[in-house]
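Observations on the model geometry
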Amino acid sequence: MYEKKPATMYDKFESVGASSLNAGTNPQLERAPVLTVKSAQSQTSRWVVLALAASSSFITTLDGSIVNIGLPLIARTFHIGVSGAIEWVIIGYLVIIAAVLLTIGRLADMVGRKRIFLSGLVIFVLGSALCGMAPSLWLLILARLFQGFGGAFIFSVNVAMITSSFSNRGRGLALGLNAVVVSLGVALGLQ
């Protein structure tokens, strides 16, 4: 009676004969260049995602901390003291981010990270423009709240975009680089 021997890792090589190698009929050899090109494209897109996520995190953290330095100048511009309502220029931005971050993260799971990220960038840029054009303190505070809303959109998908773009092997490096850029944003804002 014939017994079937257990499969080994060398069995697939035994089935490939010299005639199939010369004739170009081995499907594993024909797909190799396509996989290499696709791998290079996905490798490039991973770094593009990291660059976009890190740079957007940089501007949102920089914007959160740089206002601390500019607060006395803002107070002089609007002819008010440094304490009191002017503190809401800083506090409002951070409170809005903290208040809506989890909700927007769940929304990103439902509608997609790309939509949320791009919407966050648009809202953040519009909020920045409104902050620059604000003629009064109250409009500046409202513009900062709007800007914080955009920052929450960005922060809610930032790490998720990086995590889904990198495999287990490169994920730690990517998240570490993102953390460095976030820290640089906070540190440079306080200079």
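Preceding this section is the structure that the text describes.
Computed from a prediction, not measured in an experiment: that's the story for all the values here. (Residues numbered from 1 in each chain as written. Predicted model: local features only at pLDDT ≥ 70, side-chain atom pairs only at ≥ 80, totals over all residues. Heavy atoms only, no water.)

Bringing the pattern of salt bridges into the picture now. Enumeration according to the criterion identifies one salt bridge in this entry. Where Asp63 meets Arg144, a salt bridge forms, and the shortest distance between an N and an O atom there is 2.6 Å. In this pair, Asp63 sits in helix α3 (residues 27-77) while Arg144 sits in helix α6 (residues 137-165), placing the two residues 81 residues apart along the sequence. On the accessibility criterion, Asp63 (16% relative accessible area) is buried. Looking at Arg144, the relative accessible area reads 3%, which means it is buried. (Salt bridge = Lys/Arg side-chain N within 4 Å of Asp/Glu carboxyl O. Helix = DSSP H or I, 4+ residues; strand = E, 2+ residues; numbered from the N terminus. Buried < 20%, exposed > 50% of the residue type's maximum accessible area, 1.4 Å probe, protein only.)

Right, let's talk about helix α7 (residues 168-189) for a bit. Taking 1.5 Å of rise per residue, 22 residues should cover 32 Å, and α7 covers 32 Å from first to last C-alpha, within 8% of that figure. Turning to α7, its buried residues are Ala174, Asn178, Gly185 and Gly189. Relative to the axis of α7, the buried residues are bounded by an arc of 40 degrees and lie together on one face. Facing away from the buried surface of α7 by more than 90 degrees, the exposed residues are Arg169, Gly172 and Leu173. (Expected span 1.5 Å × (residues − 1). Arc of directions from axis to C-beta.)

Let us look at the packing of helix α4 (residues 88-111) against α6. Relative to each other, α4 and α6 sit at 35 degrees, their axes nearing to 7 Å. Between α4 and α6 the crossing geometry is right-handed. Of the residues contributing to the contact of α4 with α6, the split by class is 19 nonpolar, six polar and one charged. (Axes fitted to C-alpha atoms, helices over the stretch in contact; angles between N-to-C directions. Left-handed = near helix turned anticlockwise from the far one by under 90°. Nonpolar A, V, L, I, M, F, W, Y, C, P; charged D, E, K, R; others polar.)

Our focus in this paragraph is the side chain of Gln147. Of note, Gln147 is situated in helix α6. Filtering out sequence-adjacent residues up to four positions away, Gln147 remains in contact with Asp63, Tyr93, Phe124, Gly127, Ser128 and Cys131. (Contact = heavy atoms within 4.5 Å.)

Before going further, it helps to examine a nonpolar patch on the surface. On the surface, Val122, Leu126, Leu130, Met133 and Phe146 cluster together to form a nonpolar patch covering roughly 470 Å² of accessible area. Tallying contributions element by element places helix α5 (residues 113-133) first for the nonpolar patch, with four residues. Among the structural elements, Leu126 can be located in helix α5. (Patch = residues over 30% accessible without salt bridge, like charges linked within 9 Å, V, L, I, M, F, W, Y side chains within 5 Å. Areas by Shrake-Rupley, 256 points an atom, 1.4 Å probe, with all protein chains shown as cover.)

This brings us to the nonpolar core. A general trend in soluble globular proteins is that nonpolar side chains are found buried together. Counting residues in hydrophobic clusters, the biggest one holds 19 residues, and the most contacted among them are Ile104, Ile116, Val157 and Ile162. Elements represented by at least two residues in this core include exactly α3, α4, α5 and α6. The element contributing the most residues to this core is α6, with six residues. Contacts of Ile104, omitting those with residues within four sequence positions, involve Ile116, Phe149, Ala152, Phe153 and Ser156. Among the nonpolar cores identified, the runner-up in size contains twelve residues, and Ala75, Ile86, Ile90 and Ala134 belong to it. (Core = buried A, V, L, I, M, F, W, Y, C linked by side-chain atoms within 4.5 Å.)

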